[in-house]
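Structural description and commentary
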Amino acid sequence: KNGLKPPFIIKNMQLDLDNLDVERFLASVNNQNQNIQKEVEISDDEVIDDDFIFDTNLLRIEDCDFRLKNGKYKDLTFGNIDANLTLDDKGLLKIKSNRFDIADGISSLKVDCDLKKLIYNLKLGIKDVDSNLMAKTLLNLDKEISGKASGLIELNSDETWPFLDT
């Protein structure tokens, strides 16, 4: 008997996106994961199919060339990303990029997202970025610093950190 059985394994793919709103993506993943974890009492004759739930056990991506033309997170815009993306059997999404535009400067990127446990790690190597925009968007520190900045930004989070609030 022929048929598809999960997990679906993608060996090699190219994913090109014109626009991505990271805040909306994180909200979607977080809400879906919370729905999975809630216990719901259902009678035998009741069927609930209102929400689509992304189950990280269904999909694996071994190698993906990920290209993003434009992205945003709150007031922060970025673009021209050419990255390697993987998604393993434990729900760990990894993204690595050598150079892209962000906050009027440039950056490299390494992201590790545990989509099951909602734990995120973001590393940005930045050069000549708008420091006020970065501090305001990522740390909620508006007008605390100004000028151009270069360096390494590392952010770690879990489901309790306000960085992920919607």
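Residues numbered from 1 in each chain as written. Predicted model: local features only at pLDDT ≥ 70, side-chain atom pairs only at ≥ 80, totals over all residues. Heavy atoms only, no water.

**A word on the overall build of the protein chain**
Applied cut-off: Only runs of H or I of at least four residues qualify as helices and only runs of E of at least two qualify as strands under DSSP, and these elements are numbered from the N terminus. Each residue is placed in one exposure class: buried if its accessible area under a 1.4 Å probe, protein chains only, is under 20% of its type's maximum, exposed if it is over 50%, and partly exposed if it falls in between. Contacts are residue-level and defined by heavy atoms, with any inter-residue pair within 4.5 Å sufficient. A 1.4 Å probe and the Shrake-Rupley method give the accessible areas. Residues count as covered only by the protein chains that appear here.
Along the protein chain, the regular secondary structure elements total two helices and eight strands. The buried share of the protein chain, taken over its 166 residues, is 33%. Across the protein chain, every contact between residues at least 6 apart in sequence was considered, and the portion connecting residues at least 24 apart equals 50%. In the structure as shown, the protein chain presents an accessible area of about 11,100 Å², 48% of it carried by carbon and sulfur atoms.

**Examining the environment of Lys-117**
Residue position: Lys-117 is located in the loop between strand S6 (105–114) and strand S7 (119–130). As a C-alpha pair, Lys-117 and Leu-92 span 25 residues in sequence and 9.3 Å in three-dimensional space.

**Concerning the side chain of Asp-112**
Put simply, the test is: The charge count treats Lys and Arg as positive and Asp and Glu as negative. His and the chain ends do not count. Here a salt bridge means any side-chain nitrogen of Lys or Arg lying within 4 Å of a carboxyl oxygen belonging to Asp or Glu.
Position of Asp-112 among the secondary structure elements: in strand S6. Lys-110 provides the closest opposite charge to the buried, salt-bridge-free Asp-112, at an N-O distance of 4.4 Å. Ignoring anything within four residues of it in the chain, the contact list for Asp-112 reads Leu-92, Leu-93, Lys-94, Ile-119, Tyr-120 and Asn-121.

**Re the nonpolar core**
This is how the line gets drawn: Among buried residues, those of type Ala, Val, Leu, Ile, Met, Phe, Trp, Tyr and Cys that are joined through side-chain atoms within 4.5 Å constitute a nonpolar core.
Counting 32 residues, the largest nonpolar core has Ile-102, Leu-124 and Met-134 as the members making the most contacts within it. Listed by contribution, the elements that provide at least two residues to this core are strand S3 (59–73), strand S4 (76–87), strand S5 (92–102), S6, S7, helix H2 (131–139) and strand S8 (148–157). Sort the elements by how many residues they give to this core and S4 lands first, with six residues. The contact partners of Leu-124, leaving out residues within four places of it in the chain, are Phe-100, Ser-107, Ser-108, Leu-109, Met-134, Gly-151, Leu-152 and Ile-153.

**What about the confidence of the model for the protein chain?**
Put simply, the test is: Predictor confidence is given residue by residue as pLDDT, running from a minimum of 0 to a maximum of 100.
In this model, the protein chain carries a mean pLDDT of 83, and residues with pLDDT of at least 70 account for 79%. Under a pLDDT of 50 for its full length, residues 47–52 has, in the predicted model, four contacts with residues more than four places off or in other chains.

**Side note on the pattern of salt bridges**
Oppositely charged side chains are able to pair whenever their charged atoms sit close together. Scanning the entire structure with this criterion turns up six salt bridges. A salt bridge links Lys-11 to Glu-62; its shortest N-O distance comes to 3.5 Å. Linking Lys-11 in the loop between strand S1 (8–10) and strand S2 (13–21) with Glu-62 in strand S3, this pair joins segments that are 51 residues apart in sequence. Look at Glu-62 and you get partly exposed, because its relative accessible area is 43%. Across the salt bridge formed by Asp-75 and Lys-136, the nearest N and O atoms sit 3.1 Å from each other. Here Lys-136 lies in helix H2 and Asp-75 lies in the loop between S3 and S4, a separation of 61 residues in the sequence. For Asp-75, a relative accessible area of 48% corresponds to the partly exposed category. By relative accessible area, Lys-136 is classed as partly exposed at 29%. Shared partners join several salt bridges into a network, and the residues in it are Asp-65, Arg-67 and Asp-82.

**Quick notes on a nonpolar patch on the surface**
Filter applied, for reference: Any residue with relative accessible area above 30% and no salt bridge may belong to a patch, with like charges joined within 9 Å and the nonpolar Val, Leu, Ile, Met, Phe, Trp and Tyr side chains within 5 Å.
A surface patch of nonpolar side chains, amounting to about 310 Å² of accessible area, comprises Leu-4, Phe-8 and Leu-58. Of note, Leu-4 is situated in the segment before S1. Classification of Leu-4 as exposed rests on a relative accessible area of 76%.

**Looking at unusual backbone geometry**
Note that the residue after Pro-6, namely Pro-7, is joined by a cis bond; omega there is 5 degrees. Within the secondary structure, Pro-7 sits in the segment before S1. Of note in this structure, Asn-80 is not a glycine but carries a positive phi near 55 degrees. Within the fold, Asn-80 resides in strand S4.

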